[in-house]
Structure formats: structure tokens, C-alpha cells
Amino acid sequence: MIDSIYGAIALGLLYALMALGVYITFRILDFPDLTVDGSFATGGAIAAIMITHGYSPILATLAAFGGGLVAGACTGLLHTKGKVNGLLAGILMMIALYSINIRIMGRPNVSVVNTETLLSPIMKPIGLFILVMGIAVVIVKLLLDAFLHTDLGLALRATGDNARMIRSFGANTDRTKILGISLSNGLVAVSGALIAQQGGFADISMGVGMIVIGLASVIIGEAIFGARSVFIATLAVVLGSIVYRIVVALALRVELFKSSDLKLVTALIVIIALVVPYVNRLLKQKSVARRRSAELLATVSLKKGGKS
Amino acid sequence: MLDLVNVSKLFNPGTPDEKIALMNANLRFKTGDFVTVIGSNGAGKSTLMNIISGVMKPDIGEVRIEGKAIQHVPEYERSRWIGRVFQDPMAGTAPRMTIEENLTMAYKRGKTRGFGWGATSAKRQLFREHLSRLGIGLENRMNAKVGLLSGGERQALSLLMATFTKPAILLLDEHTAALDPARAELITRLTDEIVREMKLTTLMVTHNMEQAIRLGNRLIMMDKGRIILDIPEEKKTNLTVAQLLGEFEQISGNKLSDDRVILG
């Protein structure tokens, strides 16, 4: 039991980078980017093939980051310069990446078992793994926070918030969008590279459903920890990724679920998290409107009563 | 300073819905001019603004700033010279970002945005001073998200953001039209103060005849994409709303038709 919780925390930290990437597109740019399913596997593929060819794991992971950047930039270009609908641009890249990923690996999967990887020095004990990965993820989170407070980062955030406004202040919103989508997929690819090194293999289907898992992490994090500022929002995403893995670990211990039900459960979590706040808001608005109308009516009739 | 030379613009050209938005508009603005623009529905006032700011490109004709033709320069690059306040109070600010962050972005108008830290303490001090001059207490709420402000407060902030970097040209697109009378009056007063103090070359579209006469040193009237009247400062000081409406009828042959017009 405790072991599976530790395992869940460790996995949550590895996937947290992917969730941070999804946060950039989904929350900051307001752009649901499906490239993620492809670029996650691209990251894994690049890292695995480079490690098996004897390159250093650090270099392999950096190359994975670069691959993700390029994939994201392609989606961004399609969407901004080619005026392709955002969802479609992501889907097109996702499909294109499927073939590209097989090209990269030369076959549908590549094993890095029994090879020195970036994570091998810290794999055991699990406490060490969580500590080191935790620090690494926090560093990435803080770097992202800092970037989002620079002039360029502010322009990126404003692009998703009010593009017309930031254009009138001189930012090229096409460029900021491409930058954001690119950075997002870079982080996703690094996450894929780490998962490949931790699991011992890269697989062509390792990215399937990744966007939904990313969304679930972002939404769960927001629901539990809020999003008052960038600092808190990114922290919530990291913790959301961990909470998601713990929930999954617990759900799988219940005999009710098979591991193949995982994607259904994830989709349900996202659906609930998207629909419940909307219904809540609707009900709240209605009750406020009703109360205020009644109040105003009361004051009006009071005044009339006073006069007569 | 700012010149429009033979500018024409059609909407839906070559279709049954073809509409003349601007027809051979020629305008010269001197530095420090504060021009008010009035006209009926569809007269081309907003098109004029959009063509100057770069949201639209003219079909033919030139837009010149300091003698340089800029009609092909994209909107985001023109922002170096042009500050703009929109009619919709929601349009000029980013709601999920703080007052301070919004001002930081405005501070970088037209400059390259890099990895420099956004809201430094020096900039914050500057913003606080500017905000306190608005006199509505925003200087004490610099870390509040702009989405929490009222329409009037957001428009005051938009006005500050559009002006405090002293753009060469200020475009005001019916920027008080969506506010209640008290707030509209506040924004009108702030506009007058800021434009005077900073001597900004300003172009203001308005539906409020009285406001159009009271503010600025020049008044332009538009109808069906044409500039039909251009009243200089000497004549403008003694102008009345009745005279203005009379002039319009005489020139265009119609009554000024505008469902939102305020005679003041």
C-alpha cells in the first residue's frame, strides 16, 4: 500500500513536467493542444534511441526537449500562419508524429533496460528518487514562474487573456503563440524522455491519452489548490499530477477497476471537473439574481408604502 | 504628423453587400491636434480608426506618420506610435492579470519584449504615481486582477495604459459610450486633463455632440464614408449642437440618423 503510494508520487513527478506543458497551452494560451499525444512519444523515442546509440543520457534528454520544441513550433505555425483551427492543427501534428516517431526509433519500440540512463543513479531507494525528482521539478516550475513574469512571459499570458489588447501594445501574438506551444511541447517531450528512461523502454503508443492526463492534472490541481497567482497555479499543476497518480493507484487497488479502465476513469475525472464548476456557477448566479431581485423589489415597495 | 492621403476602403467588394466604408479621405493632423469625430451610423468613423491603427489596410491611398508611409506596417508594429482606447471597457486590459502586470505590458509599448524582469520596483513606483493621479484609488490595488474592476475603473486604467508612454497619436474609439453617465463624465474629464497635459495628438470618435464640441480644437463630421465637414478651432469655440445638426442636414440632405446619438 505505502509502496504503491510512493510509486505514485514518483510517477506523478515525472508526469508533472508534461502537466506543466499542458498548463501553458490549455490555461495560459487558452489553446487545447493535442500535439501532446505525439510529442510525448517523440521525447521518449529520441531519448531512447540516442541512449542505445551510446550518447550521454543528459544529451539525449536535451535532444528530446529540442524535438518537442520543434513539434510544438510546427503546430503553432499551422495554427497562426496557416490559419488551421487549433484542435485540427494539433490532431494533424499528432498523426504526423506517429510516423515520425517510428522513423526515429526504426521500429515500434526501443528498450533501454540494462543501460545507464539519467535516472539510474537515483532509482533506488525510492525516497532518494522522490527527493531528487522533486527538487528537479520544483526548479523547472520556478524557472517557468520567472519566465512568465518577464516582459516576454507577460506578453505570452496576455495573448491567451486578451490578444487584441496585447497586439495594440505591440506584441506579435502569432509569435507568442508559437513560442508558448513550442515551450509546452518541449516540456512534454522531456517528460516522455524521463518516462522512457524510468520504464526502460520507449513505445510508439506511450503518448496515447496523454493530453487527457495532462488536463486531469491541471484541473485537479486547480480544484484543490486554486490558481490565484502563477506561482500557486504551477504548484497546483505539479501537485495535481501527483494527486492524479495517487487516485489512479488507489482506484486500481479496488477490484472494480481493471488497468484497462484507466483511460475511462481519467476521462470521467476530466468531465466531472469541467462540468461541475459550470453547473455550480450557473446555480449560484441564479440564486444571486433571485435574491437581488427580491431585495430590490422589497426596497421599491417599501418606498411606495412610505409615501402613501 | 499624421496624414491620410486619398484613402478608400470597401467592405465586401464585388458582392451584392458591397459597402463604401471610406471614400477618398484626405486628412492632415498637426502635432498636438485634438480632433473630435462625429457622424451617423456607418459613416466610416470606426473604419478611419482601424485604418490608422492598422487593424485594416486601405484598398488604395496612404497613411503617413511623420511623412513615412505606414499603411503596410502591421498593427503590432504601429503600436510604437499609436495608443488606443476601445469602446468596450473589457477590450483594453487583460482581465486575468493584475493592474501592475497590465501597466508593465503597456510600459513596453512598441519595444522588443525579452527576458527582462517585468514589474521591477522602479516601474512599480512609477505606476503608483500615475495611478494615484486618476484619483480613484487604483494605486492601492496594484495586485488586484483587472477582471475585478468595474467598467469605469477598467476604462480609466485603459486610458492610462494608452497614454502614459506618450504615444505620438492617441485614438479614442467612443471610449465613454459603454459607461453610465457619471463614469462617462469621469473618463471624459480624465481624457481632457491627460491630453492637455501631455499634448497628445488625439483623434476621438464620439456619439455625444456636446462632448464633441466641448473637447478638442477641431471637429470632423463624416457621412457615408466621406468627410463632409472640418471645423477649425476658431469656428468651433462658438459652435452649438443645433448649428451642427443644421450643417449636417444642409450638406448631406438627410437628418443625422444615429440611434445612439446624444445631443448633450
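Look up a bit, the structure's there.
Residues numbered from 1 in each chain as written. Chains lettered and ligands numbered in written order. Predicted model: local features only at pLDDT ≥ 70, side-chain atom pairs only at ≥ 80, totals over all residues. Heavy atoms only, no water.

1. Structural notes on the interface of chain A and chain B
Where interface size is given, it is often the accessible area lost as the parts come together that is meant. The following threshold applies: Residue contacts are defined here by distance: any two heavy atoms, one from each residue, within 4.5 Å place the two residues in contact. As a working definition, buried area equals the accessible area (1.4 Å probe) given up by two parts on being put together, with both sides summed. We define a salt bridge as a contact between a side-chain nitrogen of Lys or Arg and a carboxyl oxygen of Asp or Glu at a distance within 4 Å. Two N or O atoms count as a polar contact when they lie within 3.5 Å, although within protein this holds only if one can serve as hydrogen donor and the other as acceptor, and sequence-adjacent residues are included solely when both atoms are side-chain atoms. Secondary structure counts use DSSP, requiring at least four H or I residues in a row for a helix and at least two E residues in a row for a strand, with both numbered from the N terminus. Here the term charged refers only to Asp, Glu, Lys and Arg, the term nonpolar to Ala, Val, Leu, Ile, Met, Phe, Trp, Tyr, Cys and Pro, and the term polar to all other amino acids, Gly among them.
Every contact between the two is made by 27 residues of chain A and, on the other side, 32 residues of chain B. Where chain A abuts chain B, roughly 2,500 Å² becomes buried across the two surfaces, and 56% of that area is made up of carbon and sulfur atoms. Considering only the side of chain A, the residues that lose the most area to chain B are Asp151(A), Asp161(A) and Phe169(A), jointly responsible for 29% of the buried surface there. The interface formed by chain A and chain B includes four salt bridges. Here Asp161(A) and Arg96(B) are joined by a salt bridge, their closest N and O atoms 3.2 Å apart. Here chain A is connected to chain B by 14 residue pairs in polar contact (both at pLDDT 80 or more). Among the secondary structure elements, those contributing two or more residues to the side of chain A that touches chain B are helix 1 (2-28), helix 5 (126-147), helix 6 (151-161) and helix 7 (163-168) of chain A. Residue composition of the side of chain A that touches chain B, grouped by class: 12 nonpolar, seven polar and eight charged.

2. Side note on the nonpolar core
Considering soluble globular proteins, one finds that nonpolar side chains tend to be buried as a cluster. Definition in use: Definition of nonpolar core: a set of buried residues of the types Ala, Val, Leu, Ile, Met, Phe, Trp, Tyr and Cys, connected through side-chain atoms within 4.5 Å. We call a residue buried when its accessible area falls under 20% of the maximum for its residue type, exposed when it is over 50%, and partly exposed in between, using a 1.4 Å probe and counting protein chains only.
Of all hydrophobic cores here, the largest spans 69 residues; its most connected members are Met18(A), Val22(A), Phe40(A) and Met133(A). Broken down by secondary-structure element, the contributors of at least two residues to this core are helix 1, helix 2 (35-52), helix 3 (57-80), helix 5, helix 6, helix 8 (173-199), helix 9 (210-225) and helix 10 (230-253) of chain A. Looking at this core element by element, the count peaks at 14 residues for helix 1 of chain A. Residue contacts for Met18(A): discarding those within four places in its chain leaves Val36(A), Phe40(A), Leu187(A), Val188(A), Ser191(A), Met210(A), Ile213(A) and Gly214(A). Judged by nonpolar contacts, the second largest core, of 42 residues, contains Ala171(A), Leu149(B), Ala162(B) and Leu215(B).

3. Topic: the pattern of salt bridges
Scanning all chains against the criterion turns up 23 salt bridges over all chains. With a shortest N-O distance of 3.0 Å, Arg157(A) and Glu101(B) are connected by a salt bridge. Here Arg157(A), found in helix 6, pairs with Glu101(B), found in helix 3 (residues 99-107), and the two come from separate chains. As far as burial versus exposure is concerned, Arg157(A) and Glu101(B) are alike and both buried. Close ionic contact of Lys9(B) with Asp59(B) constitutes a salt bridge, the shortest N to O distance being 3.8 Å. A residue pair is termed long-range when its members are at least 10 positions apart, and Lys9(B) in strand 1 (residues 2-11) and Asp59(B) in the loop between helix 1 (45-53) and strand 4 (60-65) qualify at 50 residues.

4. With respect to the pairing of strand 1 of chain B
As a general feature of sheets, a regular strand has side chains that alternate between the two faces. Residue and element names in this part refer to chain B. Applicable threshold: For two strands to pair, DSSP has to find at least two bridges joining them.
The pairing of strand 1 with strand 2 (residues 19-29) spans seven bridges and is antiparallel. Looking across to strand 2, one finds that Val7 is bridged to Ala25. Bridge count between strand 1 and strand 4: five bridges; the pairing is antiparallel. Residue pairing for strand 4: Asp3 is matched across the bridge by Arg64.

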